[in-house]
Amino acid sequence: MNHLLWRRLLLTCACVALLLHSLGSRAADLPTLDTVVDQAEVLSVEAKADLRAKLASFERDHQLAMVVVLMPSTAPDTVEERARQLANAWQIGRSFQGRGMLLLVAVKDRRYRLEVSNALADALTDEEAKNLLAEHLRPGLRAGNADLAVGQLLDALAAHFTARHTEMVVSTAEASSAVAKDEVAGEDAESAKTRSYAIWIILGTMVVGLILVGLAIWACVALARWLIARTGRKPQPWMAWGGGAAILSVTAIATGWIPLLGVVLTMVLMATTWFGMRALISMVTNGQASSSDDDSSFGSSTRTGGSVSSGSTSSSSDDSGSGGSSDYDGRGASDSY
């Protein structure tokens, strides 16, 4: 029984040792992070320096990190598996909110892979990456000129991101212009509606005022006819109208047209209150709409392109800084040459 227990313990220790050895050898296979890693030794010192300078400029101009790796072979892994492992292990683009890429060239396998982070999925699609690699990287690799091929690919990527940034700026400007035009059109329609309401209220006030004046005149004429009839005389039209005018004049002087003025002022006050309430409601509504627009636009801006100050000299080899996680889930393109 004791012998069986010892055998099990020895077998367990052996399994753990094998696992640790495999992990250690795997970690040892991970190259030291640099913008240009040339394990295949196909680049000259001058070519490496030129590519590093071009990569630094590329990072500053487009706010994303990129690493170029050239190795003899990725066996036993595929080029896709090895590129994804390196990109996730190095966290390329972490200091640029996860915006990063890895170009891996396996010289003996004659395979290449451009691994693109999830944060760049909209800025560089898989189909666009495939076309750029086929047009600008493959010819140079086939000719045996790796540094020229990588340089041409960097130039093509820079032109692509610049064009994509311009498209986004133009589309954003067009959207803002359309929103502004809609707001102006809405304000014009609201102003026209308000003017229409004001005209109708003024006309209504004038009609009511004329009706009241007419009623006052009719009442004064009727009162004059009644008073003349009380005297036993037959009321003539000129007497009735004259008497009505006299009564109306006396009433106007005595009262100052207080009843009629009160009615008119009441209507004007109601109209003014109504317009004031509409203006207040409109201000509150517009304020809420503006606030909701600001909230919806907050954080929606992209950093697909753009420039930073000349004092910024960030490098992909410093991606350990804070800024976010870089996730690589197999986006990009690969092929043979």
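Scope of this entry: the structure provided in the associated data block. Just so it is clear, the structure is predicted and the values come from calculations on it, not from any experiment.

Some points on the sheet that holds strand β2 (residues 65–71)
Strand order in this open sheet of five strands is β1-β2-β3-β4-β5, and the pairing throughout is mixed. The outermost strands of the open sheet, each flanked by one partner alone, are β1 (36–38) and β5 (331–336). Ignoring which end each strand starts from, the neighbouring axes of this sheet average 10° apart. Those strands touched by helix α3 (residues 79–90) are β1, β2, β3 (100–106), β4 (111–116) and β5, and its axis lies near 40° from that of β4.

Let's talk about the environment of R110
Relative to the assigned elements, R110 resides in the loop between β3 and β4. For the pair formed by R110 and V79, sequence separation is 31 residues and the distance between their alpha carbons is 9.9 Å.

Description of helix α4 (residues 126–142)
In an α-helix there are 3.6 residues to a turn, and that puts residues three or four apart on one side. Residue A134 marks the point of greatest curvature in α4, where the axis turns by about 40°. Within α4, the full set of buried residues consists of A129, L132, L133, L137, R138, G140 and L141. Backbone geometry just after α4 places G144 at a positive phi near 80°.

With respect to the pattern of salt bridges
For side chains of opposite charge, pairing can occur when their charged atoms come near one another. Summed over all chains, the structure comprises six salt bridges. Residue E80 is joined to R111 by a salt bridge in which the shortest nitrogen-to-oxygen separation is 2.8 Å. Pair noted here: E80 is in helix α3 and R111 is in strand β4, with a separation of 31 residues, a long-range link. Its relative accessible area of 24% is what places R111 among the partly exposed residues.

Overview of helix α2 (residues 45–62)
A rise of 1.5 Å per residue sets the reference length of α2, with its 18 residues, at 26 Å; its end C-alpha atoms lie 26 Å apart and thus fit the reference within 8%. By the burial criterion, the buried members of α2 are A47, L51, L55, F58, E59 and H62. The buried residues of α2 occupy an angular sector of 105° when projected down its axis, which confines them to one face. Facing away from the buried side of α2 by over 90 degrees, the exposed positions are V45, E46 and D50. Two residues or fewer past α2, Q63 is found with a positive phi of approximately 55°.

Things to note about the packing of aromatic side chains
Under the definition given, this model contains two aromatic pairs. When the ring of Y112 is compared with that of Y337, the centres are 6.3 Å apart and the planes differ by 25°; the resulting orientation is stacked. With Y112 in strand β4 and Y337 in the segment after β5, the pair connects residues that are 225 residues apart, well separated along the chain. Given a relative accessible area of 1%, Y112 falls into the buried group. Looking at Y337, the relative accessible area reads 12%, which means it is buried.

Quick look at the pairing of β4
When you tally the buried positions in β4, you get five out of six residues, the bulk of the element. Relative to β4, β3 runs antiparallel, the two sharing six bridges. Residue pairing in the sheet places A106 in a bridge with R111 of β4. By the bridge criterion, six bridges tie β4 to β5 in an arrangement that is antiparallel. The partner of V116 across the bridge, within β5, is R331.

Rules and cut-offs
Residues numbered from 1 in each chain as written. Predicted model: local features only at pLDDT ≥ 70, side-chain atom pairs only at ≥ 80, totals over all residues. Heavy atoms only, no water. Pairing = 2+ DSSP bridges. Helix = DSSP H or I, 4+ residues; strand = E, 2+ residues; numbered from the N terminus. Axes fitted to C-alpha atoms, helices over the stretch in contact; angles between N-to-C directions. Contact = heavy atoms within 4.5 Å. Bend = angle between axes of the 7 residues up to and from the residue. Buried < 20%, exposed > 50% of the residue type's maximum accessible area, 1.4 Å probe, protein only. Salt bridge = Lys/Arg side-chain N within 4 Å of Asp/Glu carboxyl O. Expected span 1.5 Å × (residues − 1). Arc of directions from axis to C-beta. Phe/Tyr/Trp six-rings, centres within 6.5 Å; stacked < 30°, edge-to-face > 60°.

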